[in-house]
Amino acid sequence: DAGVIQSPRHEVTEMGQEVTLRCKPISGHNSLFWYRQTMMRGLELLIYFNNNVPIDDSGMPEDRFSAKMPNASFSTLKIQPSEPRDSAVYFCASSPGTGSEQYFGPGTRLTVT
Amino acid sequence: AQRVTQPEKLLSVFKGAPVELKCNYSYSGSPELFWYVQYSRQRLQLLLRHISRESIKGFTADLNKGETSFHLKKPFAQEEDSAMYYCVLTQAGGGNKLTFGTGTQLKVEL
């Protein structure tokens, strides 16, 4: 099992461009989480889904951020338009059920210039 | 609001010395606490959870509700323990929303 898969691993883009981060959770897991990690704020939960339904998006910083989970095996986090302060490492994690251990992906390092 | 505080960004110890990574939390409800670890070039992963009351890789952590602490301890540090350690809080009984501390980088020197 390859675990949680994220793509791309690195993304460099210019301010104002749209950025799409992708995540494939572990098969059979029904919860999916998006986190952002920065030096200033550490690791923060942005949004999470249960059974493909967004449950809590209170961590999404602003309307420029959106996340979707069209099916059980795929999720996207989109930033449009991107800004330099969005530069961070974005992690996706999945878990088999509520309160279970979360399994993290390798992260996507985003740099917005 | 829930908050997790790890006061040390970096902790450096010698091999064989005892290790204690400090963690304090604030939470109005009944908490469940974890320690997650990230070794160099590996993914963030669960190390242990307080409800399991088990020792993992020689590490233990006791939840002290009076002091609102969940310090991670190991009597004799090994070189392979060098990693980033995060104290994590969620709601007891199956909470999905994890609150992470800022992490402590443990460096075990020979």
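Presented here is a report on the structure given in the accompanying data block. Keep in mind that what you see is a predicted model, and the values were worked out from it rather than measured.

Here is what the cut-offs are and how they apply
- Within any chain, residue numbers begin from 1 and follow the written order of that chain's sequence.
- Just so you know, chain letters begin at A and ligand numbers begin at 1, following the order they were written in.
- Residues qualify for local features only when their pLDDT is at least 70, as the model is predicted, and side-chain atom pairs are given and counted only at 80 or more; totals for whole chains, interfaces and linings, by contrast, use all residues.
- Side-chain numbers here rest on the full set of heavy atoms in the structure, without hydrogens or water.
- In short, DSSP must find at least two bridges between two strands for them to pair.
- Only DSSP runs of H or I with at least four residues qualify as helices, and only runs of E with at least two residues qualify as strands; both kinds are numbered from the N terminus onward.
- Note on geometry: axes are lines fitted to C-alpha atoms, helical ones only across the stretch in contact, with angles between N-to-C directions running from 0 to 180 degrees.
- Contacts were defined at the residue level, with two residues in contact if any of their heavy atoms lie within 4.5 Å.
- Joining two parts hides part of their accessible area as seen by a 1.4 Å probe, and the buried area is that hidden amount summed over both.
- Definition used for salt bridges: Asp or Glu carboxyl oxygen within 4 Å of a side-chain nitrogen of Lys or Arg.
- Polar contact is defined as a pair of N or O atoms within 3.5 Å, subject to the rule that within protein one atom must be able to donate a hydrogen and the other to accept it, and that residues adjacent in sequence are counted only when both atoms are side-chain atoms.
- The nonpolar class holds Ala, Val, Leu, Ile, Met, Phe, Trp, Tyr, Cys and Pro. Asp, Glu, Lys and Arg form the charged class, and all remaining residues, Gly among them, are polar.

**Observations concerning the sheet that holds strand S1 (residues 5-7) of chain A**
Residue and element names in this part refer to chain A.
Next up, step 1: Across the sheet, which stays open at both edges, the four strands sit in the order S1-S3-S8-S7 with antiparallel pairing between neighbours. Looking at the sheet topology across the chains shown, the edges are occupied by S1 and strand S7 (65-71). With direction set aside, neighbouring strand axes in the sheet form an average angle of 15°.
Next up, step 2: Two strands pair when backbone bridges link them, and S1 and strand S3 (residues 19-24) are joined in this way by three bridges, in the antiparallel orientation. Across the sheet, the residue bridging to Gln6 is Cys23, located in S3.

**Brief notes about the side chain of Thr20 of chain A**
Next up, step 1: Inspection of the secondary structure assignment puts Thr20 of chain A in strand S3.
Next up, step 2: In contact with Thr20 of chain A, other than residues within four places in its own chain, are Pro8, Thr76, Leu77 and Lys78 of chain A.

**Digging into the interface of chain B and chain A**
Next up, step 1: Tallying the contact residues gives twelve residues for chain B and 23 residues for chain A.
Next up, step 2: Together, the buried faces of chain B and chain A total about 1500 Å²; carbon and sulfur atoms form 49% of this surface.
Next up, step 3: On inspection of chain B and its partner chain A, the count reaches one salt bridge.
Next up, step 4: Residues Lys97 of chain B and Asp56 of chain A are paired through a salt bridge, measuring 3.0 Å at the closest nitrogen-oxygen approach.
Next up, step 5: Counting across the interface, chain B meets chain A through six residue pairs in polar contact (both at pLDDT 80 or more).
Next up, step 6: When the residues that make up the side of chain B that touches chain A are grouped by side-chain class, the tally is six nonpolar, three polar and three charged.

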